[in-house]
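Next come the chains, spelled out residue by residue.
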Amino acid sequence: MLNILRKRINGQSIIEYVALILIVSAAVSGMSIYVSRILEIRQRHLNQELNESTRGAGQI
């Protein structure tokens with residue numbers, strides 16, 4: 001009886017670790033997508049500012 005209970009607890013522990021790993025990996029994946037979008041937007045804004053500063057360089 002004790003052996004069956006021990007196997008059940010061990011199996012539950014493995015399932016909990018797998019669930020924790022899945023949650024953490026989903027969070028890291030979401031953060032990487034978020035950071036990459038922020039970097040793309042920042043690059044686009046910097047390019048727009050650079051184009052505006054060079055376009056109006058000859059004007060007073």
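You'll find the structure just up there.
This report concerns the structure included in the present document. Counting starts from 1 at the beginning of each chain's written sequence and moves along it residue by residue. Owing to the predicted nature of the model, reporting of local features is limited to residues with pLDDT of at least 70; listing and counting of side-chain atom pairs is limited to 80 or more, with chain, interface and lining totals taken over all residues. Working from all heavy atoms in the structure, the side-chain values ignore hydrogens and water.

1. Observations concerning the overall build of the chain
Here is step 1 of the chain: Counting its secondary structure elements, the chain contains 1 helix and 0 strands.
Here is step 2 of the chain: Only protein chains enter the accessibility calculation, which uses a 1.4 Å probe; a residue is then buried when its area is under 20% of its type maximum, exposed when over 50%, and partly exposed in between. Within the chain, the fraction of its 60 residues that count as buried is 0%.
Here is step 3 of the chain: Only the protein chains shown count as covering a residue, and every accessible area follows the Shrake-Rupley method with a 1.4 Å probe. For the chain, the computed accessible surface area is about 6,000 Å², with 64% contributed by carbon and sulfur atoms. Runs of H or I in DSSP of at least four residues are treated as helices and runs of E of at least two as strands, each being numbered from the N terminus.

2. A look at a nonpolar patch on the surface
Here is step 1 of the chain: On the surface, Tyr17, Leu20, Val24 and Val28 cluster together to form a nonpolar patch covering roughly 410 Å² of accessible area.
Here is step 2 of the chain: As for its position among the elements, Val24 is in helix H1 (residues 2-55). Each patch is assembled from residues with relative accessible area greater than 30% and no salt bridge, linking like charges that lie within 9 Å and nonpolar side chains (Val, Leu, Ile, Met, Phe, Trp, Tyr) that lie within 5 Å. Just to be clear on terms, a salt bridge is a Lys or Arg side-chain nitrogen sitting within 4 Å of an Asp or Glu carboxyl oxygen.

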